[in-house]
Structure formats: C-alpha cells, structure tokens
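The primary structure of each chain is shown beneath.
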Amino acid sequence: MLYEGEAIKTLIPQRDPIMMVDKVWSAEGDTAVTGLTVTDRNYFLEDGLVAEPGLIEHIAQSASAFAGHRARVAGQEAPIGYIGEVKKFRLYRRPAVGEELRTVITMGTEVNGITLVRGEVRSNDELLAETQMKIFCE
Amino acid sequence: MLLKDKFFRVEGTDVQDAAHAVFHVTLLADCDCYRGHFPGKPVSPGVCNIEMIKECAELLTGKDLLLAAVKQCRLTAVATPAVCPQLDVTVTAEGTGDGYTVTALIADSGKSYMEFKGTLTLNQ
C-alpha cells in the first residue's frame, strides 16, 4: 500500500465531503491501482448505492491521485486536475455501502497539459464501471 | 433526487414537447460539495453537472433513470456559482426500447460549459 487515508490528502486537493479515493495500492509506469471503501457518508449515495456520477468522480480522483504521486516523486506539488472530457463511460452495477472498490488507472501521454486516462472500477473482481477521460492539469 | 435543490434549483422550464426542454437553473453557492471542491476555491464538480443533466432528463420524462452510458461529455468551461450562477440546461431525450438517448447542453448567454451525449435507462 503506497498511500492510505490521511496521506491521500498529499496527492489531491479534494476534501470532505467529496473525497472519493482512500487508498493507492500501487503505482508503476503508466498504471496505478486505487481503492475506496463505500461508506454511508459517501456523497453520491442514493438508496444505499453509489450513483453513477460518483463512480466517474472516483475514477477522476484516482487519476488525480496517480498524477499527484508522480508529481511528488518528481519533487513537485500535486496539480489541480479538471475533467476535460468523459468518453465511453459504461455503468454495469452501482456498488452498495460496505463494498470495497478497486480501480485500475492507466495514464496515456500528456499533450499540452491534457492526459488521456482509462479507468476500470471493480468490486471482488466484478467490473462495475469503466470510462475514458481527458484530465487537464493546471 | 441527489442534487436538485442542493446543488441546483430549477427556476423555470420551457417545455417544447415530450422530448425537448430548457431548464433555467441556479447553481446554489451554499451546496456542501464546495467545502471540499475545493477549500477556498469553489468549483462546480463536472460530475455534479452531469448529475444535473440526468435529473433534468428525469423531470422532462417523468421517469426514474440510470446513467447507463456516456458516449461523450465535453466540459468546455469551468462553472462556479460565483461566476455563472444562472445556467440553461437544454435537454433532448429520444425514447428507445429501455430508456432514452439524451443530448444536453449547459450554457449561459456567454458560453457553453458542458456538451453531453449519453444513454439513460429506466431504473427498475
């Protein structure tokens, strides 16, 4: 485990109540694995399930956490990332309170501050959602 | 609904027909999402704009919907309640077998903030 809980705050600028990643399991090359425990305080909880935009936000913040880790390793400050585009998002199942999300983030090349990112969210190896997105860093 | 009257408020609606409407909304500056997004620099989260589009589509169709797929959603400008409190959400919802193909635009008189193309399915 690379980062967990409070340590994530060194990677991303988001805070309570909308922090949507609580673990970085690994980050190597262009791939990182992040995690989130779904609690009853999740900002996007509706009828006991994380609503679809919440899964998109979890993937976006996971990508930001990866970018933040890379910045730290390079001795720089973690950048503020904005979602520029969401493409090919598919929802398969919304997770419930108590589920442990495990997300694989793959970073593409950065061109003019814009990076193409792929994210896949799983719970117990079951694919819950996936998307591509373009992240723009300040 | 998750965000209606918390993140945004509908001030008025122009319904053209069962598949087309423009929602005139206000971004609510006291929404608690801004505590964390970001401290000292409130920025409307792009995913909250996406949820706002979904909820407007639910108001238009009268149905409980799931965001099954986003074909493409471009965030063309950063929205904040301080800079652009009044927005127009234009929604087109064409019925399919199990839901709707939705295109939407979030804009004000100055510029566009989000262009959305996706699929919303009936939540059952």
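The following paragraphs examine the structure supplied in this document. Because the structure is predicted, anything quoted here is derived from the model rather than measured. (Residues numbered from 1 in each chain as written. Chains lettered and ligands numbered in written order. Predicted model: local features only at pLDDT ≥ 70, side-chain atom pairs only at ≥ 80, totals over all residues.)

1. Some points on the overall build of chain B
Part 1 of the reasoning: When its secondary structure is counted, chain B shows 2 helices and 6 strands.
Part 2 of the reasoning: Against the 2.2 N^0.38 benchmark of 14 Å for 124 residues, chain B shows a C-alpha radius of gyration of 14 Å, consistent with a compact globule.
Part 3 of the reasoning: Each of the three principal axes of chain B carries a C-alpha extent, and together these read 45 × 30 × 25 Å. (Helix = DSSP H or I, 4+ residues; strand = E, 2+ residues; numbered from the N terminus. Rg over C-alpha atoms; globule rule 2.2 N^0.38 Å.)

2. Notes on helix 1 (residues 52–73) of chain A
Residues and elements named next belong to chain A.
Part 1 of the reasoning: In this model, helix 1 (22 residues) spans 32 Å end to end at C-alpha, consistent with the 32 Å of a helix rising 1.5 Å per residue.
Part 2 of the reasoning: Among the 22 residues that make up helix 1, 18 are buried, leaving the element largely enclosed by the rest of the structure.
Part 3 of the reasoning: Gly75, located one to two residues past helix 1, shows a positive phi value of around 75°. (Expected span 1.5 Å × (residues − 1). Buried ≥ 20, exposed ≤ 12 C-beta atoms within 10 Å, placed from the backbone.)

3. Overview of the packing of helix 1 of chain A against helix 2 (residues 46–61) of chain B
Part 1 of the reasoning: In the contact formed by helix 1 of chain A and helix 2 of chain B, the axes pass within 9 Å of each other and the chain directions differ by 160°. By the angle between their directions, the pair helix 1 of chain A and helix 2 of chain B is classed as roughly antiparallel. Two packed elements cross with a definite hand, and for helix 1 of chain A against helix 2 of chain B that hand is right-handed. Residue-level inspection shows Pro53, Ile56 and Glu57 of chain A of helix 1 of chain A in contact with helix 2 of chain B, the latter providing Val47, Cys48, Ile50 and Glu51 of chain B.
Part 2 of the reasoning: Among the residues forming the contact of helix 1 of chain A with helix 2 of chain B, the class breakdown is 5 nonpolar, no polar and 2 charged. (Axes fitted to C-alpha atoms, helices over the stretch in contact; angles between N-to-C directions. Parallel < 35°, antiparallel > 145°, perpendicular 65-115°, else oblique. Left-handed = near helix turned anticlockwise from the far one by under 90°. Contact = placed C-beta atoms within 7 Å. Nonpolar A, V, L, I, M, F, W, Y, C, P; charged D, E, K, R; others polar.)

4. Side note on the nonpolar core
Part 1 of the reasoning: Counting 72 residues, the largest nonpolar core has Ile53, Ala57, Val89 and Val91 of chain B as its most contacted members.
Part 2 of the reasoning: Once residues lying within four places of it in the same chain are set aside, the contact partners of Val91 of chain B are Ala21, Phe23, Ile53, Cys56, Ala57, Leu60, Val102 and Ala104 of chain B. (Core = buried A, V, L, I, M, F, W, Y, C linked by C-beta atoms within 7 Å.)

5. Describing the interface of chain A and chain B
Interfaces are frequently sized by the accessible area removed from exposure as the parts join.
Part 1 of the reasoning: Listed per partner, the contact involves 25 residues of chain A and 24 residues of chain B.
Part 2 of the reasoning: For the side of chain A that touches chain B, the secondary-structure elements that each account for two or more residues are helix 1 and strand 6 (81–91) of chain A.
Part 3 of the reasoning: Across the side of chain A that touches chain B, the residue classes tally to 15 nonpolar, 2 polar and 8 charged.
Part 4 of the reasoning: Where strand 6 of chain A and strand 3 (residues 65–75) of chain B come together, 5 bridges link them in antiparallel fashion. Directly across from Val86 of chain A, in strand 3 of chain B, lies its bridge partner Cys73 of chain B. (Pairing = 2+ DSSP bridges.)

6. Focus on the environment of Lys71 of chain B
All names here are of chain B.
Part 1 of the reasoning: Examined against the element boundaries, Lys71 turns out to sit in strand 3.
Part 2 of the reasoning: A sequence separation of 31 residues divides Lys71 from Val102, and the C-alpha atoms of the two residues are 9.9 Å apart.
Part 3 of the reasoning: With sequence-adjacent residues up to four places away left out, Lys71 is seen in contact with Lys117 and Gly118.

7. What about the environment of Leu11 of chain A?
Residue and element names in this part refer to chain A.
Part 1 of the reasoning: If you trace the backbone, Leu11 turns up in the loop between strand 1 (3–4) and strand 2 (23–28).
Part 2 of the reasoning: By C-beta crowding, Leu11 is classed as buried, having 24 other C-beta atoms within 10 Å.
Part 3 of the reasoning: Along the chain, Leu11 and Arg72 lie 61 residues apart, while their C-alpha atoms are 7.9 Å from each other.
Part 4 of the reasoning: Beyond its immediate stretch of four places on either side in the chain, Leu11 contacts Tyr3, Ala65, Gly68, His69 and Ala78.

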